Amino acid sequence: MQIIKKTQLKALKVARTLGPLGVIETLNKKRVVGRGGASFPVSDKWKYAIETKSDKKYVICNADEGEPGTFKDKLILIKNPETLIEGIIIAAETIGASEAFIYLRGEYEGLLKNLRTEISSIIKKSKTNVSIKIVMGAGAYICGEETAIIKSIQGFRGQPYFKPPFPPVEGLFGKPTVINNVETLVNIAQALGFSDYDPDLRLFSVSGSVKKPGVYEFKVGTKLTEVVKKAEPAGKPKAVYFGCFGGCMEYKDMELTPENICKEECIHGAGTIIVVGEKTSIIDMAYIISKFYTFESCGKCTPCREGTIQILLLLKKLRAGKGEKKDLELLKELAMHIKETSLCGLGQSSTNHIISAMHNFPDEFEELIKR
Amino acid sequence: MKITLNEKAIECDGNKTLYDICKDNGIIIPTLCRQENIHPEARCRICLVEMNGKLVTSCSTYPKEGSKIVTDSEKAKNARKRNTELMMANHGKSCLVETKSDELCKLLKEVGLTEFRFDKTKNYKQDLGSSVVRDNNKCINCGRCVDTCAKIQEIYAIDFAGRGYNEHVTPYFEKNLASVSCIKCGQCILNCPVGAISEREHIKEVIAALSDKKKHVIVQIAPSIRASLGEEFGYAPGTIVTGKMVAAFRKCGFEKVFDVDLGADMTVMEEASEFLARLKKGGPFPMITTCCPGWILFMEHFYQDLFNHMSSCKSPHEMLGILTKTYYAKKANLSKKNIIVVSIMPCTAKKFESTRVELDSGVDFVLTTREAAKLIKHFNIDFKNIKDENFDSPLGVSTGAATIFGATGGVMEAALRTAYEIGTKQKLENPDFKVIRGMDGIKKGKVTINGREIKFAAAHGGANVRKLIEECHDYHFIEIMACPGGCVGGGGQPIPTNTEIIKKRAAALYSSDSKDKLRKSHENPVVKQIYKEYLDYPLSKKAEKLLHTKYKKRSQF
C-alpha cells in the first residue's frame, strides 16, 4: 500500500528547498486532489491562502471521519501518523501558518495518546516553529463539514455557515485557513517525498455484506466488481452504497470513475463502499439512513431541519403500507427540494440516497403502494 | 459589474447582495430571517433566487461578472413555497385563522402557499417569564431573536440548543427566561416574525380593575407613547397623537389620565441635583442615569463594580406612581389601597421593574404600547375619530425636557438644561444639546458649569453600552438606554420597529419639544408645587425616601 509508506521527513526537506510556490507547482503537476469527498485540487486551495495577506494563518487537519462505512483515515492515523504530521507541517510552512489543529473524531479517543507522542517527536525532529494541537470532536456528524469545524474549534456550536468567505481567505478566528483531509495531507507529503508517487491510487473503505471488510487501495477507475471481490462478498451483492451521502447503485461491472458514478445519480465521495446483499430491502436502507440524517442534521436551515424528519415520516408511512402514489411523489419532490436548497454539504447530500434509490430501484418503491 | 436580471441586462454594484440588487431594480424578494444591520446567516432559505441555474439565497450571495439571475422562475417560486410549507409544519396553522399581522402570515400570501401536507413533529412547554414570554411551538428557528440578543444587545441570554428537528431556542441550560441574565429589554419580541416571543400580557388584570367599582384606576403614559401609539391605528410613524390617546384612555374608564412626563421632570430635578451634589463632593464620576430598567438589570448582572456610580433615582413612571399614591391620594382624599396605577410604557423591562422588592413601587400594572392598543380596541373605541382631550390635573403638566426622554440622549439633554441653570444660576440661552441627539451608537459632548468642564456621553443598544462602559471613567455624566434608539425603539413598541421608524418617532418628540413653551424641567409649575407642598426640596429626606432606590447584585448566569 502506498498510503502507509513513510516519508521520514524527506518530503519536508524537499518542500523547504522548493519554497511555497515550488510546492504549489509540484502538487499541481502531481495532481494531488482533496480526498475528503470534493476532489478539489490542493494547489488551488493553498494558493488562495498564500495570496491572502494576514498576520496569522491556520492549518486544520480534518480527522472527523464521521461518514458511515468510512474508516480509511483511522487506518492512516494508526499506521502512518508520522507522514500525516509531516504533511501538516508542510502545509503550515507553505502557507505561512504557525499553528495547526487536528480535529479528531470524538470516537477516535483511543488514538489520542499515540498521536500526541508522534506529534511531539516529529516536531522536535523537524525543527519547525509550527505547533500542532489536537481538538476532539464530540460526536456530531456535521463537524466533518469544514465551516462547522471552524465554529467548533472556536468554541461555538458546530454548525456550518454560509460561504463565501471561503476558509482560505477568512476562516478560523477570521484568518486564512487551509483545511485538508487526513488522506490528502499524507498524499501531499508522499507526492513531495517520493519520485514514484502515484496520484491515481486511493483508499476504499469496503464494508457491509462482505467477509473481509477493510481498507483497500485501488487505482481510480478500477472496476467495482474487482473492488468488492477483494473483500469477498457474502452471498450475491445487490447494490452498493457510496457511504450514506453518496447514494446507491446496482452492483454491476463498472469502472469507478467520478463520471460513471455521477451517471448513476451517485457521488463517489471519500471512497466508501457499503455492499448490500440480495436479501436486504432498499426501502429498509432508505429508512435507516434517513433516521441517521434526521438525527445528525444540525438544525440550522429549514429544508434540512424540517425536511429530513418529514422524509422519515413519509418512509414510515410507506413502509407501513399506508402510502399512496402521491406520497411517493412527495417523497421525490421533497428529496430534490432538500438537495437544492440546503445550506451546507450535509443537507445537500442528505437525500442523495433517496434520489438514487428511486432512480436505480424504482420497482421496490412501486411495490410499497401496491399493497 | 454587468449581470442579467430576469433576462434584462443591468449594471450593478458587485459589493451588494442579490437581495439588494433586486430591491434597487424594483423587485422585492420575500425574506424571513434577514435582519437589518446583522450579517445574514441564511437560515430560513426563503429568499431563494436562481443564479446561473442554481438556487441561492439572495440575502447572502454576491453576483459574479455575467451572472444570470432569475427571480420569478417556477423553480425559485416553488422552492420558496416548499420551505415556507416546511416551516408551517411546526408553526401550526393557527396563524391562518388569527388575523395577525406577523411576517409569516404576510409571507404565506407572498409565496402563495395554500397546501399544508406536513405534520407537526414536536411539542414544547411555554416559557413564562416575568416580562417576556416564549412559545417555542410557534418558533420557526429563524434565529432573529438569537442574533438580536447576541449581536445588537450583546446579552447572550438565548441561543439554539438541540440538533436536527429538535433544534430550539432556549436560555442557557434549558432554564426559563426569568431565571437567567436576560435584561428583559424585549428587542427579541420586536424582531420575531412569528409572534413566538411576546410580552407577559396584563390586559385582563387591567380590565378587571377597571370594572371594579371600589377601585380608583389611574393611567399614566410614558413620553414616547404619544409618538408611536398612532402606528397601531394606521397613522404614519412619527405622528403625535397625545390628545386622542388621552381621550381614548378616558373612554376606557380610567378615572385619571396622568402624564409620565411630569415624572420625568421630577427625575430631572432629583438627578440634576444629585449630579451637582457630586460635583461639589468631587465624585464618584461618572454618574450614570437610571431611567432605563433594562440597563439597571444589565448593570446588576454584568457591571456590579458600577453600583456607586449609578444615580439613585427611580425611573420617571415609578416616581410618578408613588407620588400618585402619596401626594395625589392625600390631595384627593383617597386611600392608597384603593388606587390602582397602570403605566403605559414602550418597555417590557418596566413590567419587571414594577415587581422589584428593592423599590417601593407605586405602579400596579405595566402595559406596553402594543397592549395599550389592544386595550383600546377591546373597548371598541374609534381612535381615529375621537376628539382630542387634555391630561388631568394635577399630575398632567409637562415640559419639552420631559418629552425628549423618549429618545436616546434625551435624559442627558434634559438633565443638562436643569443642572446648568440651577448650578450656575444663569439662563441657558440655547437649550438644544444637538451633539447628544441622533442614532450614533455612542454620542459625546462637553459643557462648562461654573468654570468646570463637564464631559458627558450617551449610549443606546447593548453592544454600544458595553463599549461605552469600558471607557466610562473618562466622563462625568453618562446616559444609558438598553434599546437601540432609546424608548422610541423600546421592546414594547409597535411592530415593525426599525431604524427608519425609530428616527421618525424621535424626530416627532424633538419637534414637540422645540414648540413647547416650557422646555426646562425646573420651570414646570406642578414640579414647583410638589416641592413646595410636599417634598420641600430636591434630595430632601422625604424625596430620598419616595423617589430614590437601591440596587441588587445578580448572577451573571
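Residues numbered from 1 in each chain as written. Chains lettered and ligands numbered in written order. Predicted model: local features only at pLDDT ≥ 70, side-chain atom pairs only at ≥ 80, totals over all residues.

### Observations concerning the overall build of chain A
Stage number 1. Assigned secondary structure in chain A consists of 16 helices and nine strands.
Stage number 2. Relative to the 2.2 N^0.38 estimate, which gives 21 Å for 371 residues, the radius of gyration of chain A is 21 Å and therefore close to what a compact globule would have.
Stage number 3. For chain A, the spread of C-alpha atoms along the three principal axes comes to 70 × 40 × 35 Å.
Stage number 4. Looking at chain A as a whole, 51% of its 371 residues are labelled buried. (Helix = DSSP H or I, 4+ residues; strand = E, 2+ residues; numbered from the N terminus. Rg over C-alpha atoms; globule rule 2.2 N^0.38 Å. Buried ≥ 20, exposed ≤ 12 C-beta atoms within 10 Å, placed from the backbone.)

### Digging into the overall build of chain B
Stage number 1. If you tally the helices and strands in chain B, you get 20 helices and 18 strands.
Stage number 2. Relative to its length of 557 residues, chain B is compact, with a C-alpha radius of gyration of 25 Å against a globular reference of 24 Å.
Stage number 3. Seen through its C-alpha atoms, chain B measures out along the principal axes to roughly 75 × 55 × 45 Å.
Stage number 4. Taking all 557 residues of chain B together, the buried fraction comes to 54%.

### Topic: the interface of chain B and chain A
Stage number 1. The interface is formed by 25 residues belonging to chain B together with 25 residues belonging to chain A.
Stage number 2. No other element matches helix α2 (residues 74-91) of chain B, which puts six residues into the side of chain B that touches chain A.
Stage number 3. Residues that form the side of chain B that touches chain A fall into these classes: 11 nonpolar, six polar and eight charged. (Contact = placed C-beta atoms within 7 Å. Nonpolar A, V, L, I, M, F, W, Y, C, P; charged D, E, K, R; others polar.)

### Topic: the domain arrangement of chain A
All names here are of chain A.
Stage number 1. For chain A, the assigned domains are domain 1 (10-193), domain 2 (201-277) and domain 3 (282-368).
Stage number 2. Inter-centroid distance (C-alpha atoms) of domain 1 to domain 3 is 33 Å.
Stage number 3. Among the residues forming the side of domain 1 that touches domain 3, the class breakdown is five nonpolar, one polar and one charged. (Domains from an automatic or database assignment.)

### Quick word on the pairing of strand β11 (residues 216-221) of chain B
All names here are of chain B.
Stage number 1. Counting buried positions along β11 gives six out of six residues, so the element sits mostly inside the fold.
Stage number 2. The two faces of β11 match: H216, I218 and Q220 on one face and V217, V219 and I221 on the other face are all buried.
Stage number 3. Judged from the six bridges that link them, β11 and strand β14 (residues 339-345) form a sheet pairing that is parallel. If you follow V219 over to β14, its bridge partner there is V342. (Pairing = 2+ DSSP bridges.)

### Comments concerning the packing of helix α7 (residues 203-211) of chain B against helix α14 (residues 369-378) of chain B
A packed helix pair is summarised by two numbers, namely the angle formed by the two axes and the spacing between the axes.
Residues and elements named next belong to chain B.
Stage number 1. The interhelical angle for the contact between α7 and α14, taken along N-to-C directions, is 45 degrees, at an axis separation of 10 Å. The angle between the axes of α7 and α14 places the two elements in the oblique class. Like other packed secondary-structure pairs, α7 and α14 cross with a definite hand, here right-handed. Of the residues in α14, those in contact with I203, V206 and I207 of α7 are E371, K374, L375 and H378.
Stage number 2. Partitioned by chemical class, the residues of the contact of α7 with α14 number four nonpolar, one polar and two charged. (Axes fitted to C-alpha atoms, helices over the stretch in contact; angles between N-to-C directions. Parallel < 35°, antiparallel > 145°, perpendicular 65-115°, else oblique. Left-handed = near helix turned anticlockwise from the far one by under 90°.)

### Details of the sheet that holds strand β9 (residues 272-277) of chain A
Residue and element names in this part refer to chain A.
Stage number 1. Overall, mixed pairing links the five strands, which are arranged β6-β5-β9-β7-β8 in an open sheet. The open sheet terminates on both sides in strands that have one partner only, identified here as β6 (214-219) and β8 (248-250). Neighbour-to-neighbour, the strand axes of the sheet open up by a mean angle of 30 degrees, direction not taken into account.
Stage number 2. Judged from the four bridges that link them, strand β7 (residues 237-241) and β9 form a sheet pairing that is antiparallel. Bridge pairing links V240 to V275 in β9.

### Observations concerning the environment of T84(B)
Residues and elements named next belong to chain B.
Stage number 1. By the secondary structure assignment, T84 is in helix α2.
Stage number 2. Each C-alpha atom, one on T84 and one on F116, is 9.7 Å from the other, the two residues being 32 residues apart in sequence.
Stage number 3. Aside from chain neighbours lying at most four places away, what touches T84 is I46, L107, L108, V111 and L113.

### Some points on the domain arrangement of chain B
Note: interface size is frequently given as the accessible area lost on complex formation between the parts.
Stage number 1. Partitioning chain B into structural domains gives domain 1 (2-79), domain 2 (126-200) and domain 3 (204-547).
Stage number 2. When each unit is reduced to the centre of its C-alpha atoms, the spacing between domain 1 of chain B and domain 3 of chain B is 44 Å.

### Regarding the nonpolar core
Stage number 1. By size, the foremost hydrophobic cluster in this structure holds 270 residues, and its most contacted members are V59(A), I88(A), I188(A) and V240(A).
Stage number 2. The contact partners of I188(A), leaving out residues within four places of it in the chain, are L27(A), V32(A), V42(A), G87(A), I90(A) and A91(A). (Core = buried A, V, L, I, M, F, W, Y, C linked by C-beta atoms within 7 Å.)

### Regarding helix α4 (residues 81-95) of chain A
Residues and elements named next belong to chain A.
Stage number 1. For α4, with 15 residues, the first-to-last C-alpha span of 21 Å sits near the 21 Å given by 1.5 Å per residue.
Stage number 2. Along α4, 14 of the 15 residues are buried, which leaves the element largely enclosed by surrounding structure.
Stage number 3. A positive backbone phi angle near 90 degrees is found at G96, which sits one or two residues after α4. (Expected span 1.5 Å × (residues − 1).)

### Points about the sheet that holds strand β5 (residues 68-70) of chain B
Residues and elements named next belong to chain B.
Stage number 1. Spatially, β2-β1-β5-β3-β4 is the arrangement adopted by the five strands of the open sheet, whose pairing is mixed. Both edges of this open sheet fall to β2 (8-11) and β4 (54-57), since each of them pairs with a single strand only. On average, each strand axis in the sheet is inclined to that of its neighbour by 35 degrees, with strand direction left out of account.
Stage number 2. Two strands pair when backbone bridges link them, and strand β1 (residues 2-5) and β5 are joined in this way by two bridges, in the parallel orientation. Of the residues in β5, the one forming a bridge with L5 is I69.

### Focus on unusual backbone geometry
Residues and elements named next belong to chain B.
Stage number 1. Looking along the chain, the bond that leaves S393 and enters P394 is cis, with omega of 5 degrees.
Stage number 2. Along the chain, P394 falls in the loop between α14 and α15 (400-403).
Stage number 3. At the junction of I495 and P496, the peptide bond is cis and its omega measures out at 5 degrees in the coordinates.
Stage number 4. The backbone of E174 shows a phi angle near 55 degrees, a positive value even though the residue is not glycine.
Stage number 5. Topologically, E174 is positioned in the loop between β9 (168-171) and α6 (187-191).
Stage number 6. With phi around 50 degrees, N380 is a residue other than glycine that occupies positive phi space.
Stage number 7. Along the chain, N380 turns up in the loop between α14 and α15.

### Observations regarding the environment of D24(B)
Residues and elements named next belong to chain B.
Stage number 1. Structurally, D24 is set in helix α1 (residues 18-24).
Stage number 2. C-beta crowding within 10 Å serves as the criterion here: with 13 such atoms nearby, D24 is assigned to the partly exposed category.
Stage number 3. Sequence separation of D24 and C12 is 12 residues, and the distance between their C-alpha atoms is 9.2 Å.

### Considerations on the pairing of strand β3 (residues 131-136) of chain A
Residues and elements named next belong to chain A.
Stage number 1. The pairing of strand β2 (residues 99-104) with β3 spans six bridges and is parallel. If you follow E99 over to β3, its bridge partner there is S131.
Stage number 2. This β-α-β element, β2 to helix α5 (residues 112-126) to β3, shows right-handed connectivity. (Right-handed = clockwise from strand over helix to strand, strands pointing away.)

### Brief notes about helix α3 (residues 72-79) of chain A
All names here are of chain A.
Stage number 1. For α3, the complete set of buried residues consists of K72, D73, I76 and L77. Looking straight down α3, one finds its buried side chains confined to an arc of 140 degrees; they lie on one side.
Stage number 2. The inward-facing, buried residues of α3 contact β1 (58-63), α4, α5, α7 (182-193), β5 (201-208) and β6. (Arc of directions from axis to C-beta.)

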